[in-house]
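Coordinate inspection notes
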Amino acid sequence: MPKILLVEDEPDFSILIGEWLRAEHHVVELVENGEEATDRLKFYKYDVVILDWMLPGISGLEVCKRYRATGGTTPILLLTAKKHVDEKEQGLDAGADDYLTKPFEMKELSARIRALLRRPSVMTGSILQVGNLSLEPTTFKVTRNGEEVSLLPKEFALLEFMMRHPNQVFSAEALLDRVWSSDSDASPETIRTYIKRLRKKIDLQGQQSILSTVHGVGYKLESPQ
């Protein structure tokens, strides 16, 4: 049974959605504000987050940004009465995966949840975020602590792959298979070279690299817990 975090400050509406989703065989946890939602997302794992934009205290948009900034990959469905395309763009750019405008039919909510559950977790979010490292696939922009990092195309491709699979270990051969073309003459030594180049560009002085070597196995990009 998929576990859903529902963040909605209108009690009657929240109860209505919760009852509907439970009838659809979901496990639902109800939260009324952004502070509690942020805390829940720090300590518990969910399959989908349904997040109202307008919340007391921390807004749903800010909850989404903070969660993505810590490397959170759970699909997020943003609920709001905002209808302008610029506002929709703002929500999606903050890390939401889908957008549902109030009022809506419950059947549409269910359909969107089913679609999110079918997605691989590595595909969530239009902006990839691991700690203070941010990568925008559509604009080929990488920033660390808000400062832009200049990468070559293959460096960018390797970093993007690692950020889509945080905390997973990949051998050099696996990285060659996923990032380089099949007819490339690149070798495991090529991977070692690119990892070293990435570390020089994205690491912060005096801090341990987020690109770690697992000796005898491969490499991983570590997401802060």
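Refer to the structure presented above.
Not measured: the values here are computed from a predicted model.

Rules of the game
Residues numbered from 1 in each chain as written. Predicted model: local features only at pLDDT ≥ 70, side-chain atom pairs only at ≥ 80, totals over all residues. Heavy atoms only, no water. Helix = DSSP H or I, 4+ residues; strand = E, 2+ residues; numbered from the N terminus. Buried < 20%, exposed > 50% of the residue type's maximum accessible area, 1.4 Å probe, protein only. Contact = heavy atoms within 4.5 Å. Core = buried A, V, L, I, M, F, W, Y, C linked by side-chain atoms within 4.5 Å. Pairing = 2+ DSSP bridges. Axes fitted to C-alpha atoms, helices over the stretch in contact; angles between N-to-C directions.

Side note on the overall build of the chain
Counting secondary structure elements, the chain contains 8 helices and 11 strands. For the C-alpha atoms alone, the extent of the chain along its principal axes is close to 60 × 35 × 30 Å. Out of the 225 residues belonging to the chain, those deemed buried represent 45%. Sequence-distant contacts in the chain: of pairs separated by 6 or more residues, those separated by 24 or more amount to 58%.

Section: the nonpolar core
General note: in soluble globular proteins, nonpolar side chains tend to be found buried as a group. Judged by nonpolar contacts, the single largest core of 28 residues is most densely connected at L158, L159 and M162. When residues of this core are assigned to their parent elements, the largest contribution, 6 residues, is made by helix α6 (residues 153–164). Ignoring any residue separated from it by four or fewer positions in sequence, one finds L159 in contact with L133, L135, V142, L151, L198, I202 and L221. Membership of the second largest hydrophobic core comes to 20 residues, among which are A37, W53, I76 and Y99.

Looking at the sheet that holds strand β4 (residues 76–80)
Ordered by their spatial adjacency, 5 strands build an open sheet running β2-β1-β3-β4-β5, and the pairing between neighbours is parallel. Where the open sheet ends on each side, the last strands, each with one partner, are β2 (27–31) and β5 (98–101). Averaged over neighbouring strand pairs, the angle between their axes works out to 20 degrees when direction is ignored. Its contacts with the sheet place helix α1 (residues 11–23) against β1 (3–7), β2, β3 (48–52) and β4, and it is angled at close to 170 degrees to β2.

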